[in-house]
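Results of the structural survey
Here is what each chain is made of, one letter per residue.
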Amino acid sequence: MKPHVLFLVGVLATACTQGGAPASNEGAPPTQARSATAAEPKEAGAKLKFKDGDDRERFSLKPKDDGAKLVDGEDKELARYKWKGGELKVSGPDDAVLAYVTGGPDVFQVKDAARSAVRYTLAREGAGWKLTDAQGAVLNTVASEGGGASVMGASGAEALRVKVREGKLSLRDPSGKTVLATKTPVSPEAAACLGFDSLDLPLRMALLFRLQNPAGAAAP
């Protein structure tokens, strides 16, 4: 093909791209389309959805191939969880690192964004768990009982009870009122992390996710 013909073809192709609709994978070669699809996050496993006592969706954990994503009841992203070897990186919706959850399976540490300081430690204690702060002060304890779990505050008083009945897990306050509930399988011990009221929701859910996956994930 002559040079001036090649030039004209190039100009026409550029004009069509700039003046037409945004490019999509529909007309792309198979290899290119597959590459673009592979770059998109993929869901892996069932979504862990929690509703309140009035059956309104409050938040959900959406598993991904490389971790998970936390969204609110309106599907607005709240936090991102990504495996880094055996560690779990916790980030905000803007991808700013909030913390790292390290360790396992019997001792987990929540470290700061630089991994230089331990903010919280969740350690197995007998048949349950104990959450302590950076100074070692006890914030919460979790006791497994009767197929469920009980969450106690720093004073030792019960703050939340986890019950499982007919395939439904519920978290109830001391008066017996349902605070949160889910029909997605989750261990009572892991769900008990939602009762750690001294932690922000992204960190509570990070510990829940970590207890559900005690062995962590291999580095990609």
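Scroll up for the structure.
This write-up is about the structure you can find in this document. (Residues numbered from 1 in each chain as written. Predicted model: local features only at pLDDT ≥ 70, side-chain atom pairs only at ≥ 80, totals over all residues. Heavy atoms only, no water.)

**Structural notes on the pairing of strand E1 (residues 48-51)**
Burial along E1 is one-sided: the face carrying Leu48 and Phe50 is buried and the face carrying Lys49 and Lys51 is not. Alignment of E1 against strand E2 (residues 57-64), held across four bridges, turns out to be antiparallel. If you follow lysine 49 over to E2, its bridge partner there is serine 60. Hairpin connection from E1 to E2: five residues lie between these consecutive antiparallel strands, with aspartate 55 at a positive phi of about 65 degrees. (Buried < 20%, exposed > 50% of the residue type's maximum accessible area, 1.4 Å probe, protein only. Helix = DSSP H or I, 4+ residues; strand = E, 2+ residues; numbered from the N terminus. Pairing = 2+ DSSP bridges.)

**Brief notes about the environment of glutamine 212**
Residue placement: glutamine 212 occurs in helix H4 (residues 201-212). Note on glutamine 212: relative accessible area 33%, which makes it partly exposed. In this structure the C-alpha to C-alpha distance between glutamine 212 and serine 187, which are 25 residues apart in sequence, comes to 7.1 Å. Contacts of glutamine 212, omitting those with residues within four sequence positions, involve Pro185, Val186, Ser187 and Ala190. (Contact = heavy atoms within 4.5 Å.)

**Looking at the side chain of lysine 62**
Locating lysine 62 in the fold gives a position in strand E2. Within the structure, lysine 62 has its side chain in polar contact with the side chain of aspartate 75 (distance 2.7 Å). (Polar contact = N/O pair within 3.5 Å; in protein donor to acceptor, adjacent residues only side chain to side chain.)

**A short note on unusual backbone geometry**
Of note, the bond from glycine 104 into proline 105 is cis; its omega dihedral lies within 30 degrees of zero at 0 degrees. Despite not being glycine, aspartate 55 has its phi angle at roughly 65 degrees, a positive value. With respect to the helices, strands and loops of the structure, aspartate 55 is situated in the loop between E1 and E2. In this structure, glutamate 166 is a non-glycine residue whose phi angle is positive, near 50 degrees. Looking at the secondary structure, you find glutamate 166 in the loop between strand E12 (158-165) and strand E13 (168-172).

**Let's talk about the pattern of salt bridges**
For the structure shown, the criterion picks out 13 salt bridges. For lysine 51, the salt bridge goes to aspartate 55, with nearest N and O atoms at 3.6 Å. Judged by relative accessible area, lysine 51 falls into the partly exposed class, the value being 26%. For aspartate 55, a relative accessible area of 54% puts it in the exposed group. Between arginine 80 and aspartate 95 there is a salt bridge, and its shortest N-O distance comes to 3.4 Å. You can see arginine 80 sitting in strand E4 (residues 77-84) and its partner aspartate 95 sitting in the loop between strand E5 (87-91) and strand E6 (97-103), a full 15 residues away along the chain. Residue classification places arginine 80 among the partly exposed positions, given a relative accessible area of 30%. (Salt bridge = Lys/Arg side-chain N within 4 Å of Asp/Glu carboxyl O.)

**Concerning the packing of aromatic side chains**
Throughout the structure, instances matching the rule amount to four aromatic pairs. Ring geometry for phenylalanine 50 and phenylalanine 59: centres 5.5 Å apart, planes at 40 degrees, overall tilted. The burial state of phenylalanine 50 is the same as that of phenylalanine 59; both residues are buried. Between the aromatic rings of tryptophan 83 and phenylalanine 209, the centroid separation amounts to 5.5 Å while the plane-to-plane angle is 35 degrees, which identifies the pairing as tilted. With tryptophan 83 in strand E4 and phenylalanine 209 in helix H4, this pair connects stretches of sequence that are 126 residues apart. The burial state of tryptophan 83 is the same as that of phenylalanine 209; both residues are buried. Pairwise contacts between aromatic rings join Tyr81, Trp83 and Phe209 into one cluster. The ring of tyrosine 100 has arginine 115 lying over it, and the distance from NZ or CZ to the ring centre is 3.9 Å. (Phe/Tyr/Trp six-rings, centres within 6.5 Å; stacked < 30°, edge-to-face > 60°. Lys NZ or Arg CZ within 6 Å of the ring centre and 35° of its normal.)

**Here we look at the nonpolar core**
Core analysis: the largest hydrophobic core is formed by 43 residues, its most contacted members being Phe50, Tyr81, Phe196, Met205, Leu207 and Leu208. With seven residues, H4 is the single largest residue contributor to this core. Excluding its chain neighbours within four sequence positions, the residues that come into contact with leucine 207 are Val101, Phe108, Val110, Leu122, Leu131, Cys193, Phe196 and Leu199. (Core = buried A, V, L, I, M, F, W, Y, C linked by side-chain atoms within 4.5 Å.)

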